Amino acid sequence: MVLEKLGSALKKGITKISNAIFIDKKLIDEIIKELQRALIEADVNVELVFQLSQKIKKLALDEKIKGIDKKEQLIKLIHDEIENLLGKGKELKLQKNTKILFLGLYGSGKTTTISKLGFYYSKRGRKVALLGLDTQRPAAMDQLEQMAKKAKVPVFIDKKEKSPEKIIKKYKKELDKYDLILVDTAGRDGLNKELTKEIKSIEKEIKPDYRILVMPADIGQAAKTQAQEFQKALNIDGVIITRMDGTAKAGGALTACAETNSPVFFIGVGEKVHEIETFDPSSFISRLLGMGDLNALLEKVKSATTEKQQKRIESRLKKGKFTLLDLYSQLESMNQLGSMDKILGMVPGLGNATKKIPKAQLEKQEQKMKHWKYAINSMTEQEIENPDILEKQTPRISRIAKGSGTTTSEIRELLKQYKLLKEMLGMQNQIASSDGKIDQKMLQKMAKKFRGKGFKL
Ligand code: GDP
Ligand code: MG
């Protein structure tokens, strides 16, 4: 399928974000790298790719947006930006006796597209006729005739007449009986004076409702210059991109059209008469992602974490079950920069006990947290859920250290802190539940005790 690599990079990135415990620089760099590779492979302009990367980075590193909000906003940003990059689709508004003029260089796919559209619209109940005005190439009329036959639509041609205007005049009356008239014109190697003059003169005679430029996707980013030239000279309403099948450059052609604000009416996806599709970036992306719409996706992200997770932590604490993941969900909801004193501050009654902590020490602690994040990301689900299994398992700890670029002693310390915190939270829970109130003095005593035990703050 067209742009499938871009689709899979997009899907991977979005899944990574929605599944991540932490949205950190390492993860974002990874996602950006994959997207960049896919976009550039799809021939998207490097400058546009760079701009997209910057936007993602800026949002990812914005410390004001936290936790689940950040996840949602990132996914939406990536989705929307790619959608914008691909540009806008547009529908043809057909009235009675709508005339569409198709322009384009040699071999761009005009004749094929016209037959496809004849087929497309006649299937949808329109009374369609094709009009052949390519008097340049000797076989052009024959080609249109044959293709019209395949599409089962009437065709008006003149194999001898060399003046397009005269052909128009000849069939004018008859053409008035049709709903939709698709007009095939001659191309050239480039948009030269001769072609411009010819089109303008045809235009004057036909008075088309739409002027559509046909471009093949394999011209890639060159579609930008071509669209601009045709816009300037002939005031086109939009484009149809052909040969979207089997070219790696489809992304280049689409994004180039978006850059020049040229709406895409249709895309051609094969040589056969039915191989044409409307182009709607948002459903196109949904299809690429193999998911429903964005809202459904965001809903999924939301339900995976946030309140549910908070509730889970609470109930786990009540049961005395507290995993590494719980610890880190708490940290994450404070945008990862949460220092230990904030965690302790969340424990009712402990806030005061932990007020005066030197800044340098906090920073050191935060640095440590970062490493712990990497370590947790390298653990299996079982290990995260039940860290006790790591306790005497040197090979497991070494594996995690290796996988996360941390040291075994850092991991041991994480386990130790986890254990202490769990114990402390468990005790706090007990204290709170004995008579429903929290004994402040008791807690302070407890905090002291834990600090003495090596809970470094
Ligand atoms: P024209 O000179 O602009 O009229 O271009 P043609 O309609 O004659 O098409 C040129 C070539 O492109 C032909 O070989 C077509 O079969 C081919 N072509 C047109 N559209 C598509 C498409 O969407 N996919 C593929 N694979 N080939 C196409
Ligand atoms: Mg042709």
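What you are looking at is a predicted structure, and each value in this text was computed from that prediction instead of being measured. Here, residues in each chain are numbered from 1, in the same order as that chain's written sequence. For naming, the first written chain is A and the first written ligand is 1, with later ones following in the order written. Two thresholds apply to this predicted model, a pLDDT of at least 70 for residue-level local features and 80 or more for giving and counting side-chain atom pairs, whereas whole-chain, interface and lining totals are computed over all residues. Neither water nor hydrogens contribute to the side-chain values; these are computed over all heavy atoms in the structure.

Peer 1: Looking at this structure, I do not really get the pattern of salt bridges. What am I missing?
Peer 2: Two side chains carrying opposite charge are able to pair once their charged atoms lie near each other. Should a side-chain nitrogen of Lys or Arg be within 4 Å of a carboxyl oxygen of Asp or Glu, the pair is scored as a salt bridge. Throughout the structure, instances matching the rule amount to 18 salt bridges. Residues Lys-159 and Asp-142 are paired through a salt bridge, measuring 2.8 Å at the closest nitrogen-oxygen approach. Note that Lys-159 is positioned in the loop between strand 3 (155-156) and helix 7 (164-175) and Asp-142 in helix 6 (residues 140-151), a separation of 17 residues in sequence. For Arg-399, the salt bridge identified is with Glu-383, shortest N-O distance 2.9 Å. You can see Arg-399 sitting in helix 18 (residues 394-404) and its partner Glu-383 sitting in helix 17 (residues 381-385), a full 16 residues away along the chain. In this structure Arg-399 comes out as partly exposed when scored by relative accessible area, which is 36%. With relative accessibility at 0%, the residue Glu-383 sits in the buried group. Here the salt bridges do not stand alone but share partners, grouping Lys-16, Glu-30 and Glu-34 into one network. In DSSP terms, a helix is any run of H or I states spanning at least four residues, a strand is any run of E spanning at least two, and both are numbered starting from the N terminus. Exposed residues in this analysis have more than 50% of their type's maximum accessible area, buried residues have under 20%, and partly exposed residues fall in between, with area computed by a 1.4 Å probe over protein chains only.

Peer 1: Quick question: what am I supposed to make of unusual backbone geometry here?
Peer 2: Backbone geometry follows two general trends: most residues other than glycine have a negative phi, and most peptide bonds adopt the trans configuration. Phi at Asp-43 takes a positive value of approximately 75°, unusual for a residue other than glycine. Considering the arrangement of structural elements, one finds Asp-43 in the loop between helix 2 (25-41) and helix 3 (46-60). We note that Lys-207 has phi near 50°; this positive angle belongs to a residue other than glycine. Along the chain, Lys-207 turns up in the loop between helix 8 (193-206) and strand 5 (210-216).

Peer 1: What is the right way to read the site of ligand 1 from this model?
Peer 2: We call a residue near a molecule or strand when any one of its heavy atoms sits within 4 Å of it. The local shell around ligand 1 holds 18 residues, among which Gly-107, Lys-110, Thr-111, Thr-112 and Asp-245 are the closest. Side-chain atoms alone can form a polar contact between residues adjacent in sequence; in general such a contact is a pair of N or O atoms within 3.5 Å, and within protein one must be able to donate a hydrogen while the other accepts it. At 3.0 Å from an oxygen atom of ligand 1 is found a side-chain nitrogen or oxygen belonging to Arg-137. Computed by Shrake-Rupley with a 1.4 Å probe, the accessible areas treat only the displayed protein chains as cover when residues are assessed. If ligand 1 stood free it would expose 580 Å²; the protein chains cover 82% of that surface. Element by element, the count of residues in the shell around ligand 1 is highest for helix 5 (residues 110-123), at 4 residues.

Peer 1: I tried to follow the packing of aromatic side chains on my own but got confused; where do I start?
Peer 2: Each aromatic ring pair is characterised by the separation of its centres together with the angle its planes make. Ring pairs are drawn from Phe, Tyr and Trp, using the six-membered ring of Trp, whenever the two centres fall within 6.5 Å, and their geometry is named by plane angle: stacked under 30 degrees, edge-to-face over 60, tilted for the rest. Evaluated as defined, the whole model comprises 6 aromatic pairs. Aromatic pair Tyr-210 and Phe-265: ring centres 5.8 Å apart, planes at 70°, arrangement edge-to-face. Residue Tyr-210 is found in strand 5, and its partner Phe-265 is found in strand 7 (residues 264-268); the two are separated by 55 residues along the sequence. For the pair formed by Tyr-210 and Phe-265, the shared burial category is buried. Placement of a positive charge over a ring is assigned whenever Lys NZ or Arg CZ falls within 6 Å of the ring centre and within 35 degrees of the normal to the ring plane. A cation over an aromatic ring shows up here: Lys-26 above the ring of Tyr-374, its NZ or CZ 5.1 Å from the ring centre. Above the face of the Tyr-178 ring, Lys-127 is positioned so that its terminal group lies 5.0 Å from the ring centre.

Peer 1: Would you take a moment to explain the side chain of Glu-198 for this structure?
Peer 2: Within the fold, Glu-198 resides in helix 8. Owing to a relative accessible area of 13%, Glu-198 belongs among the buried residues under this scheme. A polar atom in the side chain of Glu-198 sits 2.6 Å from the side chain of Arg-188.

Peer 1: Can you walk me through helix 3 in this structure?
Peer 2: Taking 1.5 Å as the rise per residue, helix 3 with 15 residues should run 21 Å; its terminal C-alpha atoms sit 21 Å apart, in good agreement. Along helix 3, the positions that sit buried rather than exposed are Leu-48, Val-49, Leu-52, Ser-53, Ile-56, Leu-59 and Ala-60. The buried residues of helix 3 occupy an angular sector of 140° when the element is viewed end-on, so they sit on one face. Residues of helix 3 that are exposed and point over 90 degrees away from its buried face: Val-46 and Lys-58. Expected span of a helix: the number of residues minus one, times 1.5 Å. The arc in question is formed by the directions pointing from the helix axis toward the C-beta atoms.

Peer 1: Looking at this structure, how should I read the side chain of Asp-179?
Peer 2: Along the chain, the position of Asp-179 falls in the loop between helix 7 and strand 4 (180-184). With a relative accessible area of 17%, Asp-179 lands in the buried category. What makes two residues a contact is simply this: any of their non-hydrogen atoms within 4.5 Å. Apart from the residues lying within four places of it in its own chain, the contact partners of Asp-179 are Gln-95, Lys-96, Asn-97, Thr-98, Gly-125, Arg-126 and Lys-127.

Peer 1: When you look at the confidence of the model for the protein in this model, what are you seeing that I'm missing?
Peer 2: Parts of the prediction with low pLDDT should not have their coordinates interpreted in detail. Mean pLDDT for the protein: 82, with 76% of residues reaching 70 or above. Note on residues 333-355: pLDDT under 50 across the span, and 57 contacts to partners over four residues away in sequence or across chains. Taken together, the stretch residues 431-438 has pLDDT below 50 and engages in 10 contacts with residues farther than four places along the chain or on a different chain. A residue's pLDDT is the predictor's confidence in that residue, given on a scale from 0 to 100.

Peer 1: Honestly, the environment of Glu-259 in this entry has me stumped. Any pointers?
Peer 2: Within the secondary structure, Glu-259 is located in helix 10 (residues 250-259). Through-space distance from the C-alpha of Glu-259 to that of Asn-84 is 9.5 Å; in sequence the pair is 175 residues apart.

Peer 1: I would appreciate a short explanation of the packing of helix 1 (residues 4-19) against helix 4 (residues 67-86) in the present structure.
Peer 2: Relative placement of two packed helices is described by the angle separating their axes and the distance separating the axes. At a minimum axis separation of 9 Å, helix 1 and helix 4 run at an interaxial angle of 170°. The orientation of helix 1 relative to helix 4 falls into the category roughly antiparallel. Residue-level contacts link Leu-6, Leu-10, Ile-14, Ile-17, Ser-18 and Asn-19 of helix 1 to Lys-71, Leu-74, Ile-75, Ile-78 and Ile-82 of helix 4. Looking at the contact of helix 1 with helix 4 residue by residue, the class counts come to 8 nonpolar, 2 polar and 1 charged. Simply put, an axis is a line fit to the C-alpha atoms, just over the touching stretch for a helix, and the angle between two N-to-C directions goes from 0 to 180 degrees. Reported orientations rely on four angle classes, namely roughly parallel under 35 degrees, roughly antiparallel over 145, roughly perpendicular from 65 to 115, and oblique for the rest. When residues are sorted by character, Ala, Val, Leu, Ile, Met, Phe, Trp, Tyr, Cys and Pro go into the nonpolar class, Asp, Glu, Lys and Arg into the charged class, and all the rest, Gly among them, into the polar class.

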